[in-house]
Amino acid sequence: MIKPLFFLLFLLGSLTAHAKPPLVNVEDIHQDVEFYQNAELQLKLQEQLNANPNWKNLIDKKLLTISLVDLSDDDIRYAGINDDHMMYAASMPKIAVLYAAMDAIENGELAYTELVKQDMWLMISKSNNAASTRMIDRVGFQKIEDVMCNPENPFYDKFHDGGLWVGKRYAAQGKRNPDPIKGLSHAATTSSVAKMYFQLATGQLINTDRSNQMLGFLKDPSLHHKFVNTLDQIAPTADVYRKSGSWRNWHCDSALVWDETRGKYYIMVAMVQSPNGEKIIRNLVRPLENALEKSPNLPINPSKGATIEPALNQSI
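Residues numbered from 1 in each chain as written. Predicted model: local features only at pLDDT ≥ 70, side-chain atom pairs only at ≥ 80, totals over all residues. Heavy atoms only, no water.

*Asks:* I would appreciate a short explanation of helix 4 (residues 94-106) in the present structure.
*Replies:* An α-helix turns once every 3.6 residues. As a result, residues three or four positions apart point the same way. The terminal C-alpha atoms of helix 4 lie 18 Å apart, and with 13 residues this matches the ideal 18 Å at 1.5 Å per residue to within 8%. Within helix 4, twelve of the 13 residues are buried, which leaves it mostly tucked inside the rest of the structure. (Helix = DSSP H or I, 4+ residues; strand = E, 2+ residues; numbered from the N terminus. Expected span 1.5 Å × (residues − 1). Buried < 20%, exposed > 50% of the residue type's maximum accessible area, 1.4 Å probe, protein only.)

*Asks:* Would you explain the layout of surface pockets in this entry?
*Replies:* Once rolled over the atoms, a probe with the size of a water molecule shows which space is left empty. What the largest pocket holds in volume is close to 270 Å³. Asp32, Glu34, Pro154, Ser191 and Lys195 are the residues nearest the centre of the largest pocket, which is lined by 17 residues in total. Counting only elements with at least two residues in the lining of the largest pocket, the list comes to strand 4 (156-157), strand 5 (162-163) and helix 8 (190-201). No other element matches the three residues that helix 8 contributes to the lining of the largest pocket. Its residues placed into classes, the lining of the largest pocket shows three nonpolar, eight polar and six charged. (1 Å grid on protein atoms, 1.4 Å probe; cavity = no way out; pocket = protein on both sides within 12 Å on 5 of 7 lines; lining within 4 Å. Points joined across faces, edges and corners; volume = space filled by probe spheres on them. Nonpolar A, V, L, I, M, F, W, Y, C, P; charged D, E, K, R; others polar.)

*Asks:* Explain unusual backbone geometry to me, please; I cannot follow it from the model alone.
*Replies:* Excluding glycine, residues mostly carry a negative phi; peptide bonds, for their part, are mostly trans. At aspartate 28, a position not held by glycine, the phi torsion is positive, near 55 degrees. Mapping aspartate 28 onto the fold places it in the loop between helix 1 (4-17) and helix 2 (39-50). The phi dihedral of lysine 62 falls on the positive side, at around 60 degrees, and the residue is not glycine.

*Asks:* What am I meant to see in the packing of helix 4 against helix 5 (residues 114-125) here?
*Replies:* Angle between the axes and distance between the axes are the two parameters that describe a pair of packed helices. Contact geometry for helix 4 and helix 5: axes closest at 10 Å, N-to-C directions at 160 degrees. When the axes of helix 4 and helix 5 are compared, the pair comes out roughly antiparallel. Crossing geometry of helix 4 relative to helix 5 is assigned as left-handed. Contact residues: helix 4 offers Lys94, Ile95, Val97, Leu98, Ala101, Met102 and Ile105, while helix 5 offers Val116, Met120, Met123 and Ile124. Among the residues making up the contact of helix 4 with helix 5, the classes are represented as ten nonpolar, no polar and one charged. (Axes fitted to C-alpha atoms, helices over the stretch in contact; angles between N-to-C directions. Parallel < 35°, antiparallel > 145°, perpendicular 65-115°, else oblique. Left-handed = near helix turned anticlockwise from the far one by under 90°. Contact = heavy atoms within 4.5 Å.)

*Asks:* I tried to follow the pattern of salt bridges on my own but got confused; where do I start?
*Replies:* Oppositely charged side chains are able to pair whenever their charged atoms sit close together. Within the structure shown, the criterion is met by 19 salt bridges. Close ionic contact of aspartate 75 with lysine 294 constitutes a salt bridge, the shortest N to O distance being 3.7 Å. In this pair, aspartate 75 sits in the loop between strand 1 (64-70) and strand 2 (77-81) while lysine 294 sits in the segment after helix 11 (277-292), placing the two residues 219 residues apart along the sequence. Taking relative accessible area as the criterion, lysine 294 reaches 43% and is therefore assigned partly exposed. Aspartate 253 is the salt-bridge partner of arginine 242, the closest N and O atoms lying 2.7 Å from each other. Of the two residues, arginine 242 sits in strand 8 (residues 239-247) while aspartate 253 sits in strand 9 (residues 250-259), which places them eleven residues apart along the sequence. Under the relative-accessibility criterion, arginine 242 is labelled buried at 2%. (Salt bridge = Lys/Arg side-chain N within 4 Å of Asp/Glu carboxyl O.)

Right under this line is the structure:
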């Protein structure tokens, strides 16, 4: 007969031995993805987007914001355009609810029941508002705010640019807890969203096991528009971890793309205020992938010409 203590140690050892590693396993990883700001990637991103006059006009008016992270090797690279400009983000901040709920589960504040799992999946994969509201009610606005504003790992900065914020149930009824800077109910910066995906991919969000659980809810989205519409065509075998959002003229999308077939591994986040926002985000995928291509002949001045094919043929 196996003694209880021995069995417990055996079980813990087995769980540890079979723990799933993070997608990106790099030593001495930094918590903040902007730490990996890369001049070459930044220049190429600007080339690609500024080549389209309509996109450049939106960028100049701060109506289009972008974050891009290259995870293709140990040389992690980050670039962004208007990436610290906070905008209304519709359903994309539901990832903040997911994180707050998982943090509550980790700390024994919320039971990880089958109903909670189902609502998490509905909230993320199908962007179901009723399930999202139930999750918000379970954890509460204060918990979400505390997690987003945690000084040890902030996703919202009350004194500077803001970031990820959930201040209203996804329902007609209920009180508002608007963000302190702009008074938005559901807000984000692309940099804050990219940071969350980066920490999920590197196993830093709570811990590796919880990060993998959250990635599980983000994987294989049920809605196939915006980024996913294009990825379905150019990367049909890729694993896509994704959360999007739309309301009126505000459109946003975020995705961690893990494409073994083409050897492409990256994070992209976009937010745009435009009646053509869904199509704009759909058409951003190829130029963003172009920007990821490394080139030894990068021009010093992007206005003098591009070394890679710019996004001139992209509509809107």
